[in-house]
Amino acid sequence: FAMRGATFGQMLMLVDGVRLNDAQSGHHNGDIPVPLDLVERIEVLYGPGSSLFGADAVGGTVNIVTRRESSESAGLEGGSFGLAAGRAQADVARGAVRESAGVSFDRSDGFMYDRDFKQALMRSRTSFGNRTGLSVSYLWKEFGANNFYGGNAPSREWTNQTLVAADHRFGETAGWSIDGQASYRTHGDRFLFNQEVPALSDNRHRTHAVLASASGSRPVASHGSLTLGLEGGADWIRS
C-alpha cells in the first residue's frame with residue numbers, strides 16, 4: 001500500500017485499531033486476516049498520523065473495521081484461469097454472549113506459469129456483553145511470483161498470520177472512561193527466489209508482536225475532552 005508518495009514501509013495498517021505492520025517487511029502489510037464479508041468499513045487517514053499511531057504512520061493510516069454482528073450466508077464462485085472461491089459466515093447469540101465468524105477460500109491457476117495462488121481466511125469474534133470482546137484471525141497464502149523479484153526467476157512464497165486481540169471497557173471512574181486492549185500477532189514467511197533450485201534460495205522467517213494499551217478520557221468544559229494513554233509492546237523476528 002502507498003499513499004501520497006509514501007512507500008509501503010511508511011504506511012500503517014490496522015484491524016479494529018490493532019497494528020498489522022510486520023517487522024520483517026512492509027510487503028506483508030497486505031496479509032489482512034479478515035474475510036471480506038466481515039469487513040464493515042475501511043477508514044483512511046491521509047498524511048502523517050505518527051503522533052497518534054507511531055513512526056510508521058508518516059504516510060497514512062488504514063483501519064479495517066470489522067462487523068460486530070453479521071447474518072448467515074454462504075457463496076461459491078468460479079471463473080476463468082481455474083478460479084474457484086467459497087465463503088460462509090454465521091452469527092449466534094446466547095444471552096449476553098455473541099459469536100460472529102466467517103471463512104473464505106480463493107484459488108486460481110494464474111494467467112501464466114507460476115502466477116497461481118491459494119488463500120484461506122478465518123476470523124472469529126466473541127463478545128461478552130457490550131464491554132468485552134475476543135477475536136481470533138488466521139490467514140494462509142501460497143502464490144507464485146514469476147519474475148516479480150527480477151532475474152527471470154520462478155519465485156514462490158508462502159505466508160501465514162495469526163492475530164489474537166482482546167478489548168475491554170472498564171467503565172467510568174471519577175469521571176474517566178477507561179478502555180484497555182491487548183494483542184498478539186505472529187507472521188510466517190517462506191520465500192524461494194527460484195523454486196527450481198530451492199536449496200540455493202530457501203528463506204524462512206517468523207515474526208512475533210505483542211502489544212497492550214490502556215486509555216482514559218473525560219470531558220473538559222462543555223466542548224472538549226482530555227485523553228491520556230499508556231502503551232507497551234515488543235517485536236522480534238527469527239530468520
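Residues numbered from 1 in each chain as written. Predicted model: local features only at pLDDT ≥ 70, side-chain atom pairs only at ≥ 80, totals over all residues. Heavy atoms only, no water.

**Regarding the nonpolar core**
Side chains that are nonpolar tend, in soluble globular proteins, to be buried together. Short version of the rule: We define a nonpolar core as any set of buried Ala, Val, Leu, Ile, Met, Phe, Trp, Tyr and Cys residues linked to one another through side-chain atoms lying within 4.5 Å. Between buried and exposed lies partly exposed: a residue is buried under 20% and exposed over 50% of the maximum accessible area for its type, with that area taken using a 1.4 Å probe on protein chains only. Strands are runs of DSSP state E lasting at least 2 residues, helices are runs of H or I lasting at least 4, and numbering of each runs from the N terminus. Every residue pair with non-hydrogen atoms within 4.5 Å of one another is taken to be in contact.
Counting 14 residues, the largest nonpolar core has Met13, Val15, Leu20, Ile32, Val34, Val62 and Ile64 as its most contacted members. Elements represented by at least two residues in this core include exactly strand E1 (11-15), strand E4 (60-66) and strand E10 (154-173). Considering each element in turn, this core owes the most residues, three residues, to E1. Not counting residues within four places of it along the chain, the set of residues in contact with valine 34 comprises Val15, Val39, Thr66, Leu121 and Arg123.

**Some thoughts on empty space enclosed by the protein**
Threshold: Cavity: a set of points on a 1 Å grid over the protein atoms alone where a 1.4 Å probe fits but cannot get out. Pocket: an open set with protein on both sides within 12 Å along at least five of seven lines, its lining residues, like those of a cavity, having an atom within 4 Å of a point. Grid points are joined across faces, edges and corners, and a volume is the space filled by probe spheres set on the points. Amino acid classes used here: Ala, Val, Leu, Ile, Met, Phe, Trp, Tyr, Cys and Pro are nonpolar; Asp, Glu, Lys and Arg are charged; the rest, including Gly, are polar.
Tallied over the entire structure, the rule returns one cavity of 30 Å³ or more. Of the voids in this model, the largest cavity is the one considered here, and its volume is about 40 Å³. Lining the largest cavity are Leu38, Thr66, Arg67, Ser100, Arg123 and Arg125. Looking at the lining of the largest cavity, its residues break down into one nonpolar, two polar and three charged.

**Side note on the pattern of salt bridges**
Pairs can form between side chains of opposite charge once their charged atoms are near each other. Our working rule: Every case where a carboxyl oxygen of Asp or Glu lies within 4 Å of a side-chain nitrogen of Lys or Arg is listed as a salt bridge.
Scanning the model with the defined rule gives 18 salt bridges in all. A salt bridge links lysine 141 to aspartate 31; the shortest N-O distance between them is 3.0 Å. Of the two residues, lysine 141 sits in strand E9 (residues 132-146) while aspartate 31 sits in the loop between strand E2 (18-19) and strand E3 (39-46), which places them 110 residues apart along the sequence. We note that lysine 141, like aspartate 31, is buried. Among the ionic pairs, aspartate 91 bridges to arginine 98, the shortest N-O distance being 2.3 Å. Among the residues examined, arginine 98 registers a relative accessible area of 25% and is labelled partly exposed.

**So, unusual backbone geometry**
Positive phi outside glycine occurs at aspartate 114, with the angle close to 65 degrees. For aspartate 114, the position within the fold is in the loop between strand E7 (97-108) and strand E8 (117-128). Phi at alanine 221 is positive, roughly 55 degrees, even though this residue is not glycine. For alanine 221, the location among the structural elements is in the loop between strand E12 (202-220) and strand E13 (224-238). Alanine 221 gets classed as exposed once you look at its relative accessible area, which sits at 77%.

**Regarding the sheet that holds E9**
We apply this condition: We treat two strands as partners when DSSP finds at least two bridges between them. Axis definition: a line fitted to C-alpha atoms, limited for helices to the stretch in contact. Angles are taken between N-to-C directions and run from 0 to 180 degrees.
A sheet is described by the order of its strands in space; here nine strands give the open sequence E5-E6-E7-E8-E9-E10-E11-E12-E13, paired in antiparallel fashion. Each of the sheet's edge strands pairs with one partner strand only, and the pair in question is strand E5 (73-79) and E13. Direction aside, neighbouring strands of the sheet carry axes that sit 10 degrees apart on average. In this sheet, E9 lies alongside E8 in antiparallel orientation, the contact comprising twelve bridges. Each bridged residue has a counterpart across the sheet, and for serine 124 the counterpart in E9 is valine 136.

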